[in-house]
Each structure stands twice: as structure tokens, then as C-alpha cells.
Amino acid sequence: MAELDKKDEPARNAVDETPNVTAVNTVEARSEAEAVVALDAPVDRGEPILQVRNLVKHFPLTQGILFKRQVGAVKAVDGISFDLYQGETLGIVGESGCGKSTVAKLLMMLERATAGEVFYKGQDITKLSGRALKAVRRNIQMVFQDPYTSLNPRMTVGDIIGETFEIHPEVAPKGDRRRKVQELLDVVGLNPEYINRYPHQFSGGQRQRIGIARGLALNPEIIICDEPVSALDVSVQAQVINLMEKLQDEFDLSYVFIAHDLSIVRHISDRVGVMYLGKMVEIGSDEEIYDHPTHPYTQALLSAVPVPDPEAREGRERIILSGDVPSPANPPSGCRFRTRCWKAQDKCATEVPLLAVPERFKDTDSPVAHESACHFAEEKDVVHAA
Ligand SMILES: Nc1ncnc2c1ncn2[C@@H]1O[C@H](COP(=O)(O)OP(=O)(O)O)[C@@H](O)[C@H]1O
Ligand code: SF4
Ligand SMILES: [Mg+2]
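Rules behind the numbers
- Residues numbered from 1 in each chain as written.
- Chains lettered and ligands numbered in written order.
- Predicted model: local features only at pLDDT ≥ 70, side-chain atom pairs only at ≥ 80, totals over all residues.
- Helix = DSSP H or I, 4+ residues; strand = E, 2+ residues; numbered from the N terminus.
- Buried ≥ 20, exposed ≤ 12 C-beta atoms within 10 Å, placed from the backbone.
- Contact = placed C-beta atoms within 7 Å.
- Near = placed C-beta within 6 Å.
- Nonpolar A, V, L, I, M, F, W, Y, C, P; charged D, E, K, R; others polar.
- Pairing = 2+ DSSP bridges.
- Axes fitted to C-alpha atoms, helices over the stretch in contact; angles between N-to-C directions.
- Parallel < 35°, antiparallel > 145°, perpendicular 65-115°, else oblique.
- Left-handed = near helix turned anticlockwise from the far one by under 90°.
- Right-handed = clockwise from strand over helix to strand, strands pointing away.
- Expected span 1.5 Å × (residues − 1).
- Core = buried A, V, L, I, M, F, W, Y, C linked by C-beta atoms within 7 Å.
- Domains from an automatic or database assignment.
- pLDDT = per-residue confidence, 0-100.

Here we take up the overall build of the chain. Scanning the chain from terminus to terminus reveals 13 helices and eleven strands. Evaluated residue by residue, the chain yields a buried proportion of 37% over its 386 residues. Taking contacts inside the chain between residues at least 6 apart in sequence as the whole, the part at least 24 apart equals 68%.

To continue, consider helix H3 (residues 100-107). Here H3 lies mainly inside the structure; seven of its eight residues are buried. All of the buried residues in H3 are Lys100, Ser101, Thr102, Val103, Ala104, Leu106 and Leu107. Methionine 109 sits one or two residues past H3 and shows a positive phi near 65°.

What follows covers the site of ligand 1. Around ligand 1, the neighbouring residues are Phe59, Val74, Ala76, Gly94, Ser96, Gly97, Cys98, Gly99, Lys100, Ser101, Thr102 and Pro328. Elements supplying a minimum of two residues to the shell around ligand 1: strand E2 (69-85) and H3. With three residues, the single largest contributor to the shell around ligand 1 is H3. Residue classes in the shell around ligand 1 are distributed as five nonpolar, six polar and one charged.

Moving on to the sheet that holds strand E4 (residues 115-120). Strand order across the open sheet formed by four strands is E2-E1-E4-E5, with antiparallel pairing between neighbours. Both edges of this open sheet fall to E2 and strand E5 (123-124), since each of them pairs with a single strand only. In terms of strand pairing, strand E1 (residues 48-63) meets E4 through five bridges, oriented antiparallel. Note that in E4 the partner of leucine 50 across the bridge is tyrosine 120. Sheet strands in contact with H3 are E1, E2 and E4, and its direction is about 70° off that of E2.

To continue, consider the site of ligand 2. Lining the immediate surroundings of ligand 2 are Pro296, Cys335, Phe337, Arg338, Cys341, Lys343, Ala344, Cys348, Pro353, Cys374, His375 and Phe376. Residues that form the shell around ligand 2 fall into these classes: nine nonpolar, one polar and two charged.

Below, the discussion takes up unusual backbone geometry. Backbone geometry at glutamate 227 places phi at a positive 50°, although glycine is not the residue there. Here glutamate 227 lies in the loop between strand E7 (222-226) and helix H8 (234-251). With phi around 50°, aspartate 252 is a residue other than glycine that occupies positive phi space. Take aspartate 252: it is sitting in the loop between H8 and strand E8 (254-259).

With their axes 10 Å apart at the nearest point, helix H7 (residues 204-216) and H8 run at an angle of 20° to one another. The pairing of H7 with H8 is recorded here as roughly parallel in orientation. Considering only the axes of H7 and H8, their crossing is right-handed. Along the contact surface, H7 presents Gly204, Gly205, Gln208, Arg209, Ile212 and Leu216, while H8 presents Val236, Gln239, Val240, Leu243, Met244, Leu247 and Phe251.

Judged by how many residues are buried, strand E9 (residues 271-276) sits mostly within the fold: six of six residues are covered. Judged by which residues are buried, E9 turns out to be covered on both faces: Arg271, Gly273 and Met275 on one side and Val272, Val274 and Tyr276 on the other are all buried. Note: strand E3 (residues 89-93) against E9, four bridges, orientation parallel. Across the sheet, valine 93 pairs through a bridge with valine 274, a residue of E9.

Now for the sheet that holds strand E6 (residues 140-143). Strand pairs in the sheet, formed through backbone hydrogen bonds, run parallel or antiparallel to each other. Here seven strands make up an open sheet; going across it, the order is E6-E7-E8-E3-E9-E10-E11 and the pairing mixed. With partners counted over all chains shown, the strands left at the sheet margins are E6 and strand E11 (371-372), one partner each. Of the strands in this sheet, E3, E6, E7, E8 and E9 touch H3, which is tilted by about 155° from E7.

Further remarks concern the pairing of E7. The buried fraction of E7 amounts to four of the five residues, a majority that puts the element mostly inside the structure. When E6 meets E7, the two strands line up parallel, connected through four bridges. Counterpart to glutamine 141 in the pairing with E7 is isoleucine 223. Remark: the E7/H8/E8 crossover connection has right-handed handedness.

We now examine H8. Here H8 contains 18 residues, and its C-alpha end-to-end distance of 26 Å stays within 8% of the 26 Å for a straight helix at 1.5 Å per residue. Two residues or fewer after H8 comes aspartate 252, characterised by a positive phi angle close to 50°.

Soluble globular proteins: nonpolar side chains tend toward being buried together. Core analysis: the biggest nonpolar cluster contains 84 residues, and Ala213, Val256 and Val274 have the highest contact counts within it. Among the elements that make up this core, the one with the highest residue count is H8 (six residues). For this core, the domains that each give at least three residues are domain 1 (2-63 + 71-269) and domain 2 (275-372). For valine 274, the contacting residues outside a window of four places in its chain are Val93, Gly94, Val281, Glu282, Ile289, His295, Tyr297, Thr298 and Leu301.

What follows deals with the confidence of the model for the chain. For any part of a model where pLDDT is low, the fine detail of the predicted coordinates should not be relied upon. The share of residues in the chain with pLDDT of 70 or more is 88%, and the mean pLDDT across the chain is 87. Low pLDDT (under 50) marks residues 1-42, which in the prediction has 38 contacts with non-local residues, meaning those over four places away or in another chain.

This is how it looks when you write it as C-alpha cells:
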């Protein structure tokens, strides 16, 4: 059996996992050049491929064994709106427990929304079921966080990737599946001959490549990536991100790329949204968020991002947030961030700040004029502060 013949080979030899620093630098250089162009020309993004409107997911908290009654709700996602444009990467960032994975599951229809809409090409997919939902699902796929647990250890790589064709046989007829899976392995940089191997015979980075191949199998338009590199070594993270960028260009994919760390999404994102306790608190282009953040929470997150330049590192101000993230079952009134915000005032406890371009910045062309959910939004140079 081919599978047994291959077992003697070392599992890690299919892909060279040494960090590809040049590739990342090139990406950085390219995005800097693009940023300059972007400042000069207004960005025409066309129509959004996905429009999320007031999306809510409350998980009921129940008490009692025989007669369960609801005593509250975990407000995991509590009224989130954003757009995803064709061919772009929208990064979504926030601390663990702020609702990122729940957003991902809602977009994939793996969880039903408590309220709100998700429009895919203008159609509200939260109301779909049966065949109509299945047809949409083909176009929206997911890459999961942990390549160690998201691949069934008892299935071969060929069966893991080929499984998707059982649900959508129209994409690859039975006789053509093996060839199609081998093609996908090749596309993600794995040796097509490894089709009969099991997940444990691959390294972490290679396993995530298998997860990406599975996500690509149905030729989707959108891929929701839930912390796809968080479980990987730093050196391998750069390679997987480079691969995802390459695939995006090749297959004209739109990505929602979730991470808990602002530094990871910077390389890949065109725009970034920052979440806190079930809310989106700031959203903008990567330049607006990284160089001109106006929400205190984003500023605090950015102040913790490692800075390679020693001079900038010395001059910058590190913002340490006091207290823990409050429970999403009982979030603070008004602004949810107020219990940890150094700028909080009375108004913050009584009025919910809406995610919008602050009134006083509205008529400026400045990059501070982007959406921020803070009554007192203002710029603070956390990285270059002297
Ligand atoms: N199925 C569920 N039932 C109850 N609570 C849940 C469920 N899934 C997630 N939560 C809660 O919702 C909140 C957000 O979780 P999650 O979306 O996983 O956050 P993140 O991905 O940002 O870490 C957390 O408080 C989590 O405990
Ligand atoms: S609204 Fe108030 S508490 Fe909330 S982030 Fe702004 S200043 Fe801080
Ligand atoms: Mg998560």
C-alpha cells in the first residue's frame, strides 16, 4: 500500500519550514508603497460581498435540571455591523472571549443569530435553510484555529479534503476526486503523494496547509479564518500567512482574518476591526488603525505590540489596562470599556457610544476620520510617543 511505503520518510520533509523572511519583507515593502498610493487616490472598493448588520448572538444561561428556566444570557456578540469587500482581507482583533469565534460561526451559519442580518451579495443568509443555505455555504468556507484538533486523526488527508465533495458532488465527480485533492495539496505547497497520510504524520504548519486545502476545495469566494496561525510557531506563522496571501491573489478570495494580536493581522489586512466584549469598537484601513487609532482600547492594544526599531521602542508609551474584562453575561452600562478606560467620564456610564466617524472629524480628510465607538475619540501616538 502506498500509505505504508511512505511511512519511513520523515513527516516534515514535504515543506521547508524555515522562516521566509524575505517574503515577509517584500510584502511589507509592497504594502508601504501601496499605502502611499492609497493616500493619493480615493479607494474604490466596489460593492461589499458580505454586509453584516446589527448581528447579535446571546447564549441563554439556564438554571434547574428538570425544568430549565432562563436566568440570563451571555451576550457574546451584541450588535455588530461591518462590510467585507471583494478581494480584501478584513482583520478582526480582540482579546480572548470578546466574541470573535462566535462572529465567525455566525458568518458560516454554524450558529443561528439571535438578531441581525448577514447579506451575501445582497441576500440575507440568516433567514435561509435547506438547499438555499447549502448553496451559499459552498461559497463561504472556514479555516479553523487549531490544526491539531480540527483534522480527524483517523482519516487520511485525501479523505479529509475529499469529504467536502461528498456534500457537494457537483464540484468534483467521484472518479475525479483523487486528482482534485492532489491538485489542492500541490496548491498549498504539500507533496501530492502524501494523499494517503494521516494528520499526525505532518507538522503543525503542514497541518494548517491541509486545513487551508480543505477550505479551498469548493472554490469559495470568502474564507473565514479563525486565528489560523495562533497555534503555530512564529517562524511558521509567516509562511502560512504568505501562502494565504498568494492564494488570495490566485483565486480572488475575500478573507475575514481573526486574531487576538494586532501584530499578526497587520501583514495581511487591508482593513482592521477591533472588538471588545461583543462590540466592534473601531474599524478602518490598516493605516487608520495602526498609525491613527482614536479608541482608547485600540491604543492600549497597540502599545503592547512589539516594535522592532529600538529608538521607537524607547520613546513609546506602554498603556497597561487595569482590571479584568467584565463578564459578557453582565456587561457595564454605557461604554463597555469604561471599567478599564483611563479617560472614562460620567457620560460613558449612561450613553452607549455608537460606532461612527466622530462628528468633529467628519469634514476632514485626515486618517483620524474613521469609525470609532468612543465619546471622546482622539488621536494618541502610542508607538512614536516621545
Ligand atoms: N456555545 C456557547 N454557549 C455559551 N457561551 C458561549 C458559547 N460559545 C461562546 N460562548 C461565550 O461567548 C463569549 C465569546 O466567546 P468566543 O466567541 O469564543 O470568543 P473569542 O473567539 O473572541 O475568544 C465567551 O464568554 C464564551 O464563553
Ligand atoms: S466612551 Fe468613555 S469609557 Fe468608552 S472608550 Fe471612550 S472615553 Fe473610554
Ligand atoms: Mg476564538
